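So the chains spell out like this:
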Amino acid sequence: MDSKLKGFGLRVSPTGEKAWFVVYRAGDGGRDAPRRRVTIGKVGTITPEQAREAAQKLLSSVRLGADPATAKAARRASATVSQLAEAFLTRHVRVKRKPGTAAHYADILNRLVLPELGSEKADMLTRADIARLHLKLADTPFQANRMLAIVGSMYSFGADVGLVPEDFNPARRVERYEETSRERFLTTGELERIGAAIREAETVGVPWRIDGAKPPSKHLPKNFENRRTTIAPEAAAALRLLIFTGARLREILHLRWQDVDMERGLLLLPDSKTGRKTVVLNAPALAVLAGLEHVSAYVIPGEPGVDKDGKPVDRPRADLKRPWAVVSQQAGLEGVRLHDLRHTFASYGAMGGLGLSIIGKLLGHMQASTTHRYAHVGADPLRKASDAIANTIAAAMGEFAKDHEANVTSIQKTGK
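The shown structure was predicted, so the numbers you read here are calculated from the model rather than taken from an experiment.

**A word on unusual backbone geometry**
Residue Asp167 is not a glycine yet carries a positive backbone phi of 60°. If you trace the backbone, Asp167 turns up in the loop between α6 (141-161) and α7 (188-202). Relative accessible area serves as the criterion here: at 66%, Asp167 is assigned to the exposed category. Look at Arg173: it is not a glycine, yet its phi comes out positive at around 65°. Mapped onto the secondary structure, Arg173 falls in the loop between α6 and α7. A relative accessible area of 64% means that Arg173 is categorised as exposed.

Structure representation (structure tokens):
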């Protein structure tokens, strides 16, 4: 023990390891108070002067009523960010959110957050820690902002269940990136190319291509120039249904035959992103469904699996990534997402003069504000209305465009 600073000393373990420590009595410091010991650091990692200075600060805090050893033990016992995330996903997200949403939350946490911050104590994370991670994702602003939202939700859950202090949320007040719309509406020419590419891919196949961004492989198959890539009929049908109905991807991939009413022309979805939903089937969509075989409970079947007892399990197709990559590449549509097919369905409705409320019902929107994004697409009805108003005003003013024939209504003057 140090002769000048009471409670400060050097401990030597049986293995010869040396460490600086402080010993004190908790509470009021009386003889009956429990004796505590806190390790400051190992010899070699800090100097004797640094250890003495740390000991003085620690003992000063004890005289003010602190109990550093108990606080240190509590920090050790507190949840890490990984433990908080596991509790959040298990007890909240997978119970209260739809499977697709739960998978998205798990992906963001496991891929972006936990590799960087998983070992940190959840209640010791700072706003600066989250801001640094957010900045690291600046090249993908949508993803960076989703990360902030999910971490914020995770800490709100943690406060509710006592895993972190109340009102403690390091994601709060981290400024989000500005998000520009990613909506992409396909032109009639692009739709024509997509149709041709789907027909080619499901029949003779599209020419096999080498990825120009990757170095040529020495294991290229012989006569690769003559190889062609095909897609399954069910995948082609799924792409057509997405285009013809404006439905969401999972609504088509998870569609069961029992939910298809061919006679009334409806899809009666028991559970979509917005709950129970009815999709109105048009003639092209009905033709696609009529051409499919009933080989599974699912309209778009996936690879069969087995359960824990080895019995076959019927499963839907997991995704359309490969078929869409083949089709979109052949059609020359770089950067077009499957979800853009839904936007295209809505935009053609708007351009056709359909009201936003009708489009919203077709898409299954719960909020009118969600459909309002397509208002600017339906410019033709607005233009006709604008022409009608302006022509009436122009007639009253006696002014007409010389180079254009104006369909105007004469206004009779009244009054004195």
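**Describing the confidence of the model for the protein**
Averaged over every residue, the pLDDT of the protein is 80; the share at 70 or more is 75%. In the model of the protein, helix α14 (residues 368-371) stands out as the element of lowest mean pLDDT, 51, in contrast to helix α5 (residues 127-136), which has the highest, 95. Low pLDDT, under 50, characterises residues 401-416; the stretch is placed with ten contacts to residues that sit more than four places away or in other chains.

**Points about the sheet that holds strand β3 (residues 35-42)**
As summarised here, the arrangement of the three strands in space is β1-β2-β3, forming an open sheet in which the pairing is antiparallel. Strands at the two margins of the open sheet, each flanked by one partner only, are β1 (8-12) and β3. Adjacent strand axes in the sheet meet at a mean angle of 35° when their direction is disregarded. Looking at chain direction, β1 and strand β2 (residues 18-25) are connected through five bridges and run antiparallel. Opposite Leu10, over in β2, you have Trp20 as the bridge partner. Against the sheet, helix α1 (residues 48-63) makes contact with β1, β2 and β3, and its axis sits at roughly 20° relative to β2, the strand it touches most.

Thresholds applied
Residues numbered from 1 in each chain as written. Predicted model: local features only at pLDDT ≥ 70, side-chain atom pairs only at ≥ 80, totals over all residues. Heavy atoms only, no water. Helix = DSSP H or I, 4+ residues; strand = E, 2+ residues; numbered from the N terminus. Buried < 20%, exposed > 50% of the residue type's maximum accessible area, 1.4 Å probe, protein only. pLDDT = per-residue confidence, 0-100. Contact = heavy atoms within 4.5 Å. Pairing = 2+ DSSP bridges. Axes fitted to C-alpha atoms, helices over the stretch in contact; angles between N-to-C directions.

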